[in-house]
Amino acid sequence: MINPFLRINLQVFRRIRLNSVFKAVGPLMLKGFSFSSSVRGPIIALLAVPLLLVTVITADLTLSALRHYREAVRVQELDTAGNKVISGVYQMVLERLRTNNALQADAIADPAVRAQIAEHRAAVEKLLTAGISGLRRLDFRGKSRLLANYDQRHQVVVDYRQQADAAIGVPKAQRPPALLTDYYPRMRDLVDAAQELWIGTLQEAMDADPIIADYNILKKAAWIGREQTGLVRSKIAGQISAAKPLPPEKLREITGFLAQADLAWRLIQEQTADVTLPEPIAAAIAKTKRDNVGTYRSLVKEMIAVSAAGKPYPMSVDHWIKTTSPLLDTFLEIKAAAAAAGESYAAHKADTARDALVLDVLLLALALAGGGICLAFMERRVVTPIRKLTLVVRRLADGDKTAEVPEATRRDEIGQIQKAMRIFKESAFENERLQEERLRLQADQEQERERRREAEAAAAAEAAAERERNLEAEERRRADREAERERVAAAERARMERLGQLTGDFDGKVTQILHAVTGAATEMQTTAGSMAAT
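Model, not experiment: these values are computed from the prediction.

Draft legend 1. Looking closely at a nonpolar patch on the surface. There is a patch of nonpolar side chains on the surface, built from Leu359, Leu363 and Leu366 and spanning about 280 Å² of accessible area. Within the fold, leucine 359 resides in helix α10 (residues 317-397). For leucine 359, a relative accessible area of 42% puts it in the partly exposed group.

This is how it looks when you write it as structure tokens:
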């Protein structure tokens with residue numbers, strides 16, 4: 001037998017649609033690797049793409065496991081509900097048999113018969129009602145039609161049951177003739193409707209799983225064997241009750257029923273040949289071969305022979321039923337063993353599917369958690385440090401000297417980048433300082449040159465002004481000299497004029513004096529002469 005877990009997971013893996021996975025991650029890859037102003041997108045995309053692939057595959061596995069689990073539970077519930085239905089049908093068959101025998105009997109049914117009928121009916125209500133309720137909650141092919149047919153037949157049978165309960169309390173002569181003829185067919189209609197519903201669930205479960213199909217074939221064949229041999233018993237019981245031999249038409253019916261039972265028995269043998277069967281099924285088949293195919297057939301042949309000989313039947317109806325019931329029920333033991341094995345397998349399959357679902361859910365949760373942890377780790381350990389370094393670089397590029405480079409405590413590439421950034425910052429600031437110093441020196445030199453140019457210009461201006469002043473002074477001196485010369489010349493002229501005047505006056509006075517002196521001298525000379533003469 002194939003391991004159900006292995007079969008389920010093989011089916012799951014076959015159903016993975018990678019095209020849908022790539023369609024899902026394709027836009028993300030394009031978006032992540034498109035031109036972006038940040039390295040965050042490609043980094044997240046590089047990490048998210050494999051994580052998304054794992055998540056999508058795990059999610060697909062989980063969904064497939066969920067579908068298989070639901071299908072396994074549905075098959076299990078179908079199988080369980082179907083088993084209840086057919087078990088209820090068997091009790092209904094017994095109820096029908098007991099009730100019909102009581103209706104056909106001349107006397108009033110005794111309390112023991114009524115108790116048996118009530119017991120079978122209670123079992124019908126317990127099993128069949130529970131099975132039908134379970135089937136109403138499930139989906140299967142032909143559900144509406146099969147349930148509607150059953151409900152319609154069941155409603156008819158409810159009325160016939162009430163009439164039968166009242167009829168078996170009076171002698172046969174007082175019973176409604178229509179009830180005596182219609183009760184069995186109406187109950188058979190309900191049995192057929194319930195069997196059709198059961199067969200529908202069998203077919204649905206058989207289509208879902210081959211192992212369930214094998215068990216359902218056994219159940220169906222065993223039920224047919226029990227039903228057909230039960231019909232044989234019913235025909236003989238009717239004749240025993242009427243104390244009449246079997247007419248040819250009933251013999252033909254019995255032959256047909258036995259042929260159907262033989263076909264069911266051969267199907268059971270073929271289905272279980274060369275197969276290792278569970279012990280309960282093997283034991284039930286061996287018992288059926290011994291008691292039903294062997295002992296029961298011998299009893300049937302004996303009753304047919306007695307009927308053909310025109311002799312009275314060797315046992316009463318109750319004795320016939322009590323004797324043959326254990327022999328007939330061996331088919332039901334096969335059905336019950338197959339049903340138990342099928343339910344066990346369906347439960348195991350459901351449990352395995354549930355375990356696979358739980359495992360896939362855990363894997364999905366781990367994938368999501370792992371993906372979240374990885375994304376958070378990448379965000380914290382890679383993206384955020386790079387973003388901070390980017391902001392530092394941008395601030396440094398804008399000339400913000402207060403921008404602090406994080407401590408290079410890490411030993412990975414980020415730490416190396418931080419060390420390089422620190423060196424870059426220090427080098428940049430040193431270069432900036434040197435550049436500022438150079439510019440300051442250039443400015444000082446330029447200012448010095450400007451001062452020199454201004455000083456030279458001032459000196460030149462001063463020299464020019466000095467020259468101008470000197471020229472002006474020279475001009476003034478020249479003018480002064482000229483004026484002085486003019487003044488001197490004028491003074492000289494005036495002096496000369498005065499001198500000329502004075503000279504003239506002096507000459508005049510001198511002349512006068514000379515004249516006077518001359519006169520005096522002359523006088524003196526005269527005097528002297530006179531004196532000398534004297």
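After that view of the structure, there is still more to cover.
Draft legend 2. Up close: the environment of isoleucine 414. Checked against the element boundaries, isoleucine 414 lands in helix α11 (residues 413-533). A relative accessible area of 8% means that isoleucine 414 is categorised as buried. If near-sequence neighbours (up to four positions away) are discounted, isoleucine 414 is found in contact with Arg381, Pro385 and Ile386.

Draft legend 3. Looking closely at the layout of surface pockets. Roughly 880 Å³ of volume is contained in the largest pocket. Residue lining of the largest pocket: 34 residues in total, with Asn100, Tyr184, Ser234, Lys235 and Gly238 positioned closest to the centre. Counting residues per element, the ones that place at least two in the lining of the largest pocket are α3 (40-104), α6 (177-208), α7 (210-242) and α8 (248-272). Here the lining of the largest pocket takes 13 residues from α7, the largest share from any one element. The residue inventory of the lining of the largest pocket, partitioned by class, reads 13 nonpolar, 10 polar and 11 charged. Space inside the second largest pocket adds up to approximately 370 Å³. Asn101, Ala102, Ala105, Val113 and Asp318 are the residues nearest the centre of the second largest pocket, which is lined by 17 residues in total. Contributions of two or more residues to the lining of the second largest pocket are made by α3, α4 (111-136) and α10.

Draft legend 4. Inspection of the pattern of salt bridges at higher detail. If you walk through the whole model with that rule in mind, you get 25 salt bridges. Across the pair aspartate 189 and arginine 186 runs a salt bridge, and its minimum N-O distance is 3.2 Å. Of this pair, aspartate 189 and arginine 186 both sit in helix α6, three residues apart, roughly one helical turn. On the accessibility criterion, arginine 186 (26% relative accessible area) is partly exposed. For glutamate 333, the salt bridge identified is with lysine 287, shortest N-O distance 2.9 Å. Taken together, the positions of glutamate 333 in helix α10 and lysine 287 in helix α9 (residues 279-309) put the pair 46 residues apart, joining distant regions of the chain. Assessed through its relative accessible area of 28%, lysine 287 is described here as partly exposed. Look at the salt bridges and you will find they share partners, linking Glu95, Arg121, Glu125, Arg161 and Asp165 into a network.

Draft legend 5. Expanded view of α8. An ideal rise of 1.5 Å per residue puts 36 Å on 25 residues; α8 measures up with 36 Å between its terminal C-alpha atoms. Considered for burial, the residues of α8 that qualify are Ile254, Phe257, Leu258, Ala261, Ala264, Trp265, Ile268 and Thr272. Lining the buried residues of α8 we find α7, α9 and α10. Positive phi shows up at aspartate 274, right after α8, with a value of about 55 degrees.

Draft legend 6. Just α9, in detail. Taking 1.5 Å per residue, 31 residues should reach 45 Å; α9 reaches 43 Å between its end C-alpha atoms and fits that length. Following α9 by one or two positions, glycine 310 has its phi on the positive side, about 75 degrees.

Draft legend 7. The arrangement of unusual backbone geometry in detail. The backbone of alanine 243 sits at a positive phi, close to 60 degrees, despite the residue not being glycine. You can see alanine 243 is positioned in the loop between α7 and α8. The backbone of aspartate 274 sits at a positive phi, close to 55 degrees, despite the residue not being glycine. If you trace the backbone, aspartate 274 turns up in the loop between α8 and α9.

What counts, and at which threshold
Residues numbered from 1 in each chain as written. Predicted model: local features only at pLDDT ≥ 70, side-chain atom pairs only at ≥ 80, totals over all residues. Heavy atoms only, no water. Patch = residues over 30% accessible without salt bridge, like charges linked within 9 Å, V, L, I, M, F, W, Y side chains within 5 Å. Areas by Shrake-Rupley, 256 points an atom, 1.4 Å probe, with all protein chains shown as cover. Salt bridge = Lys/Arg side-chain N within 4 Å of Asp/Glu carboxyl O. Helix = DSSP H or I, 4+ residues; strand = E, 2+ residues; numbered from the N terminus. Buried < 20%, exposed > 50% of the residue type's maximum accessible area, 1.4 Å probe, protein only. Contact = heavy atoms within 4.5 Å. 1 Å grid on protein atoms, 1.4 Å probe; cavity = no way out; pocket = protein on both sides within 12 Å on 5 of 7 lines; lining within 4 Å. Points joined across faces, edges and corners; volume = space filled by probe spheres on them. Nonpolar A, V, L, I, M, F, W, Y, C, P; charged D, E, K, R; others polar. Expected span 1.5 Å × (residues − 1).

Honestly, it's all geometry; don't read function into it.
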